[in-house]
Each structure stands twice: as C-alpha cells, then as structure tokens.
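Read off the chains here:
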Amino acid sequence: MYVYDEHDRQIAAERVAQFRDQTERALAGELSEDEFLPLRLQNGLYVQRLAPMLRICVPYGMLRSEQLRRLARVTRDYDKGYAHFTTRQNVQLNWPALEDVPDILAELAEVEMHANQTSGNCIRNTTTDQFSGVQVDEIVDPRPYCEIIRQWSTFHPEFAFLPRKFKVAVNASEKTDRAAIQVHDIGLQMVRNDQGELGFRVHVGGGLGRTPMVGPVIRDFLPELDLLTYLEAVLRVYNRYGRRDNKFKARIKILVKALTPKGFAEKVEAEWAHIKDSPTRLTREAIERIQGYFTEPAYDALENATELLASQRFDNRQFDQWLSHNVDSHKKPGYAIVTLTMKKTGTPPGDVSDTQLEQIAELADQYSFGEVRVTHQQNVVLADVRQDQLFELWQRIEPMGFATANLNTLTDVICCPGGDYCALANAKSIPVAESIQRRFDDKDFLYDLGDIDLNISGCMNACGHHHVGNIGVLGVDKKGEEFYQVSLGGSSHHDATIGKILGPSFAQEDMPDVIAKIIDVYVDNRKEEEPFLETYRRIGIEPFKERVYA
Amino acid sequence: MPEVITKDGSIKQDSWVVVPRPEDGESLNIPEQPALIPADLWLAGKEHFEGRDDIGVWFDSHDEPEILEGVVNELPLIAVNFPKFADGRGYSIARLLRERFGYQHELRAIGDVLLDQLQFMKRCGFDSYALREDKDASKAARALNFFSQGYQAATDTDVPLFRRRAS
C-alpha cells in the first residue's frame, strides 16, 4: 500500500501544527464557535451529543498493522478503549477531549494517518472496493487512482469551502460494485474503450440523504491521464453554481438535476476544454510511480488447497458455513480473501475494542502480509490468506467474535451509530439492528434466505445507506417519539436503485415482526434460488404491503 | 486608514474604498480617493473613468468574472468579496481572473476574510487580504505559511507535486 515520502510527511506534520494552532485559538476565544466549526470539521471533529467525535481517515480503507496498533493505543490513552468502523471505510472515536485532539493527530501522523477532510463541505475520503487488487474480475487495481485523487484533493485551495460535502468512489470490477459508486457525488467506473485504452465512466450527482438519486453518466469514457483535470472541472462548476442558499439543496445532485445531466455535462466540458492540457494533467510516469506502491506482496507459488479444504469442511460444519459465507476467491492460486465480521449480535455494528484492534493487527501480520481493508459494510478484510491456513485462522477468530458467518445475509446489517451516539439522529438504530439479529438467529434459515442487504439509518442523512438496502430502515421522529420507516428494493450495486417506501412507519418494538413478515412474503413467493431483490422486482411492493399492514 | 495584509504577511496601509452597489434608482457615487466599484458598472461606463488610475472593481461571490475577459489588465486592483467565510466561490473567481484571463495586477480578498482562509487565498492568486477588523493581523504571516508546499498546481505554482517528484 501507499507509503509516505518526505513530501507527504512534511505536509502531514505541518497539518498537525496548523490544527494545534487553530485549536489553541479556539480555546483562547480568538475564534468564535462558528468560525472554528468548518476548521474542526475539516479535521473530522464533531461536537456530539455526549462528547466530541473524531473521524479518522482510512484512505480507501487500507490499514497496516502498525496503524491498527496505534489506533488501539489512541483509543486506550485518549478514549474509552474502543473505536467504530464507519460506512465510508473510516474509523471514529466517540469520546476524545477537544484539547487532546492535536496530540491524537500527532500520534496518528507518526504512522502516516490523519483526519483531514473526513467531514465538512470539502472533498472527503475516496472510497473503493475492499477486494481491490486481489479479486479475479477487475480491470485494473483502482487504489493507485484513489491515492492520486487523495493527494489532489488534500487541502485543494479552490475547493475547501464547497456548497456541501463531496464524496468520490472508484470501482474497477466489471461484475460487481462493492463501492456503491452510483450513490456518490462522483462515481468513477474503470473501463477499457474499444481501443483497449484505460479510462473512467463518470457518474455525477448520485447520493443518499434527503433526496436519494442514482448518479447519471455524464461522460462515457474519460482517458485515465485526464482524471484530475476533469475532476477539477466538475468541482469548479459545482463550486461556482451549486446552491448555497439552502443546505438541503446544496449537494451536487440538485445542481445536476436542475441543469439536467446533459446540461451539466456541457458546462463541465466547456470548463474542461480550458484546463485539460494544464500541468494538472496526469503523466504516465506519475501513475506508474503510485502504482509502484500497490505491487503484489511476495506470494508463495501455491496450488489451490481444494482437497484439504474439502475434508476440513466435511469434518466441521461451522467451518464449512464460515467458508461459504465469509471467504471469497482470490486471483492467486492457493490464496483466499477473508472477511472478519464486526457484527456480533449485541455489539453495535462496526464497533471494535482496543484489544480487538490489536488482535486484528496480529492476524494481519501472521496471515495477510500485515495489511487489512475496512469495508463500507463495516467489516475488516484480510485480503491475502493462504488457503491451507484458513482452518487455523478460523479457529483463532471464532473466539474473538470475528467469525460470525453471516456476511451479506440479513443479519450483516449496515447501521449508523444512531441516536445512542449521534447528535443528528432522530432515532436509535443499533437496538433495532440488535433486535432483528436476535430474531433471525437461526443460521440455517439465514443461509436459506441468501444475500439480503438490510441497512439502517437513524436519520435522513442516511449514514446507514438505508435507501440502497434491499430492506431499508429509517428512524424518524414523530412528536418526540421514535418511529421507523421501511423501504424495499434498494440496491447499491451496478443495478443501483433507490428503495421504495412501504408505507406508514412502525414503533421500535414492532420492527422484528415487520421484518419477519417481509421475509415471509419473500419465502412464499420466491422461485428456486431467486434472491430477495429479484423476487421483489418480480412481484412488486403490493404483496409486502398487504402482509405487513394486514 | 485601513490595514491590508500582503502576500508575505506584512501589513500595509492604503486608502482604497469599496463602493457598494447602489440601490435601485440611486446613482453610483465615485469618491475622490481610490475606489473599487462593482465590476459590471465599471464595464458599462468605463469611458467615464479614463484618466483615473485609481479606479478598480470588485466582484461579489455570485458574479461572473467572465464579463471582464480581455480588459482585466486595464484595472490596477480587483477585489473579490467573501460575504461569508464559508462561501468558497471567490477562490474560483480568483483563479479564473489569474489563470484564464491573465490578470497581472493586485487581487484583493475583501469581506469575511479570516486568518485560516489566507493560505487558500494566496494559492488561488490573491496577493492582498483585507482581514476582518476584529482579527489579529500580527498572526497573518503564520497563517499564510502553515504549509511549505501543496499537492496541487494552482495559481501560485503550475507544477503539481507529482511533477516535482518526477524531476
């Protein structure tokens, strides 16, 4: 993965000094609360319901074991000994003290970590597929392009005060989209054109929140060297013309809709014509230089361990289930991709203790070349595990709670921190997730249901991505009471779709029953191996409505 | 006399005044002293100002700098207003004036100009800053120099870091 050179180190150190200076001025009263707000947000620091919250950047989800260990130490020394993996591949601390934040940043900078632009109206962390570089069907490893975007967007002088936050995601797999690019402000799908040249299909104006939209394509093919100049053109058009009079209409999707995708694309093209040959245009050499950081680890020359695994599966049913659900195929023979689940029933999705962070670091060192990836489903991936070590790994992670074999099933819930932690939330989300997980604790039944995305958000801001859940749950506030609205049919993949609202909302205690009825309708109607989403698409929302509101 | 911060962080005194946009029905009052008037009004009546080298213009954040394409260098000073510090349109206006229209003379940030915007303003081509009066001008030099380099090309450098690394 990427390693800082002297330039990155210098910029990171200067950033820590700058934020220390800003914090001191805020504490001394030289900056008003309003003035400090965007400065602390650009450093990931929120003031929350119970304490400040610090969102630490994990560029496109990649972490080294030393970084995990440092995170563990930071949560112990400055927080309550646990952290939270977010739905955008970042990490949050829930209880740091404001005056400690500069010291925390200094500790993080030592291991090449930071909290830059993890919040605020600026360009946020670029996200991508957690299986990048190791999956079978990818066009090219997207991470070097994410790193190029990270560098370009870091402290970009023109785009530090955009109308609203701005999120970019990159996907390079032809078959799947684990990065949900079509619900990002900019979604970049890597493609090859007819001449075999590499580039991007550019989606702009997708997003969740109050006005969920699937991002339309505004350019079918952007040559890879033109990436940054084109992004600069999109951002400039947005910076100049995005709405600033109404926070709820300020995302780029509203501008794209107002101008129409075609009109927006024309404006971008006109701007781009001026700058496409500027020095910001990438060079082959620059791309290759960054690609040099993402070379393959020293894989052993192995055969697939098919027979060994078959006999281990035969002997142990739980291992068999785990292998089926939490392990994916790898591009190299003899290797596998393992997802450690952070979704044990009874713990908030994505929460990890300091000890668990250290355990993950240990596992990474021992089984996966010292690296892990955080997923937007709030799990952690060991991307390069030898197949002949899978059984041993499974035995070790089972007691740690990382082997809940529910990946992509109904109980692998995406869930925001919700009203228990977040000042913005209208309703709690974690207890809802937990009650559903408890209701569906029969593994065989879960496996029989197949892949179902259940996504829960505690408010309109949609951090739990409820619009694109096959089943989405949104917490709403009705006269001071918490209710939950259910939507069906969403998808964040290549067939990206915004879910449809089922009807009036439900009380918290009714939610497990509501989900159970929805599942019943699916089970009654599905044909053979048909997944939930396909059944829904075939039969429509009515049968679900009838059963749930009967 | 008002104080203005320069690009190197020093403080200079000058007497430029910002002439507000007249209300409907009112006429533009041009003072005797150096004055900045709304850019579109200057353009509409620029023959009236011939012979005065102390008339400049200002843009508000929603204005389009494109209207001055081709004539920017007739002006000794252009100011861009930041109505609120969180309004970032002025940065794009500045880059367009400098990089697209080739503006060579002084470019000033006015309005809600606070210390932590100065580094961005400098990189986008502003070379003077009318810091909001309640802010401590003695801290400007530090705020302008938090960073010794940036990743991107902008007005201050046309060599992004990826090109510097290559050499």
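Residues numbered from 1 in each chain as written. Chains lettered and ligands numbered in written order. Predicted model: local features only at pLDDT ≥ 70, side-chain atom pairs only at ≥ 80, totals over all residues. Heavy atoms only, no water.

(A) Local environment of the nonpolar core. Residue and element names in this part refer to chain A. If you look at the biggest cluster of nonpolar residues, it comprises 59 residues, and the most contacted ones within it are Trp322, Leu340 and Leu390. Viewed by domain, this core spans two of them, domain 1 (6-110) and domain 3 (306-397), each represented by three or more residues. Those residues in contact with Leu340 that sit more than four places away from it in its chain are Ile360, Leu363, Asn379, Val380, Leu382, Ile397 and Phe402. (Core = buried A, V, L, I, M, F, W, Y, C linked by side-chain atoms within 4.5 Å. Buried < 20%, exposed > 50% of the residue type's maximum accessible area, 1.4 Å probe, protein only. Domains from an automatic or database assignment. Contact = heavy atoms within 4.5 Å.)

(B) The interface of chain B and chain A, seen in detail. Chain B puts 40 residues into the contact, and the matching count from chain A is 50 residues. Note on chain B versus chain A: buried area summed over both sides is about 4,000 Å², and carbon and sulfur give 52% of it. Linking chain B to chain A there are 13 salt bridges. Its salt-bridge partner being Glu158 of chain A, residue Arg95 of chain B comes within 2.9 Å of it at the nearest N-O pair. Remark: the boundary between chain B and chain A carries 30 residue pairs in polar contact (both at pLDDT 80 or more). The set of elements that each furnish at least two residues to the side of chain B that touches chain A consists of α2 (89-100), α3 (118-123) and α5 (161-166) of chain B. A per-element tally of the side of chain B that touches chain A places α2 of chain B first, with six residues. Taken together, the residues that form the side of chain B that touches chain A break down as 18 nonpolar, seven polar and 15 charged. (Buried area = accessible area lost by both parts, 1.4 Å probe. Salt bridge = Lys/Arg side-chain N within 4 Å of Asp/Glu carboxyl O. Polar contact = N/O pair within 3.5 Å; in protein donor to acceptor, adjacent residues only side chain to side chain. Helix = DSSP H or I, 4+ residues; strand = E, 2+ residues; numbered from the N terminus. Nonpolar A, V, L, I, M, F, W, Y, C, P; charged D, E, K, R; others polar.)

(C) Summary view of the domain arrangement of chain A. All names here are of chain A. The domains assigned to chain A are domain 1 (6-110), domain 2 (134-292), domain 3 (306-397) and domain 4 (414-548). Taken together, the contacts link 16 residues of domain 2 with 12 residues of domain 4. Summed over both sides, the interface of domain 2 with domain 4 buries roughly 1,200 Å², with 63% coming from carbon and sulfur. Together, Asp177, Gln182 and Leu208 form the three largest contributors to the area buried by domain 2 at its contact with domain 4, with a combined 36%. Linking domain 2 with domain 4 are zero salt bridges, by the criterion used here. Viewed at the interface, domain 4 and domain 2 are joined by six residue pairs in polar contact (both at pLDDT 80 or more). A class-by-class count of the residues in the side of domain 2 that touches domain 4 yields six nonpolar, six polar and four charged.

(D) Geometry of the sheet that holds strand β5 (residues 91-93) of chain A. All names here are of chain A. With antiparallel pairing, five strands are arranged side by side in an open sheet as β1-β2-β5-β4-β13. A single partner strand is all that each edge strand has here, and the edge strands are β1 (45-47) and β13 (351-353). Strand-to-strand twist across the sheet, computed as the mean angle between neighbouring axes with direction ignored, equals 30 degrees. Judged from the two bridges that link them, strand β4 (residues 82-85) and β5 form a sheet pairing that is antiparallel. Looking across to β5, one finds that Phe85 is bridged to Val91. (Pairing = 2+ DSSP bridges. Axes fitted to C-alpha atoms, helices over the stretch in contact; angles between N-to-C directions.)

(E) Seen up close, the environment of Tyr4 of chain A. Residue and element names in this part refer to chain A. Following the sequence through the fold, Tyr4 ends up in the segment before α1 (6-27). Classification of Tyr4 as buried rests on a relative accessible area of 9%. Distance in space between the C-alpha atoms of Tyr4 and Gln389 is 32 Å, their sequence separation being 385 residues. Beyond its immediate stretch of four places on either side in the chain, Tyr4 contacts Arg9, Ala12, Glu112, Met113, His114 and Arg150.

(F) Seen up close, the pattern of salt bridges. Applying the stated criterion across every chain yields a total of 62 salt bridges over all chains. Notably, a salt bridge pairs Lys135 of chain B with Glu35 of chain A, separated by 2.6 Å at the nearest N-O pair. With one member in each of two chains, Lys135 of chain B in the loop between β8 (128-129) and α4 (140-144) and Glu35 of chain A in helix α2 (residues 33-41) form a pair that bridges those chains. As a salt-bridge pair, Arg537 of chain A and Asp495 of chain A come within 2.8 Å of each other at their nearest N and O atoms. One end of the pair, Arg537 of chain A, is in helix α16 (residues 532-539); the other, Asp495 of chain A, is in the loop between β19 (481-488) and β20 (500-501), with 42 residues separating them in the sequence.

(G) Summary view of the packing of aromatic side chains. Residue and element names in this part refer to chain A. Per the counting criterion, the structure on display carries 25 aromatic pairs over all chains. Aromatic side chains Tyr299 and Tyr335 sit 4.8 Å apart centroid to centroid with 65 degrees between the ring planes, which places their arrangement in the edge-to-face category. Linking Tyr299 in the loop between α8 (284-291) and α9 (306-315) with Tyr335 in strand β12 (residues 335-340), this pair joins segments that are 36 residues apart in sequence. In this structure, Tyr299 and Tyr335 share a single accessibility class: buried. The ring of Phe248 carries the charged tip of Arg210 above its face, separated from the ring centre by 3.8 Å. In this structure, Lys478 packs its charged tip against the face of Phe483, placed 4.9 Å from the ring centre. (Phe/Tyr/Trp six-rings, centres within 6.5 Å; stacked < 30°, edge-to-face > 60°. Lys NZ or Arg CZ within 6 Å of the ring centre and 35° of its normal.)

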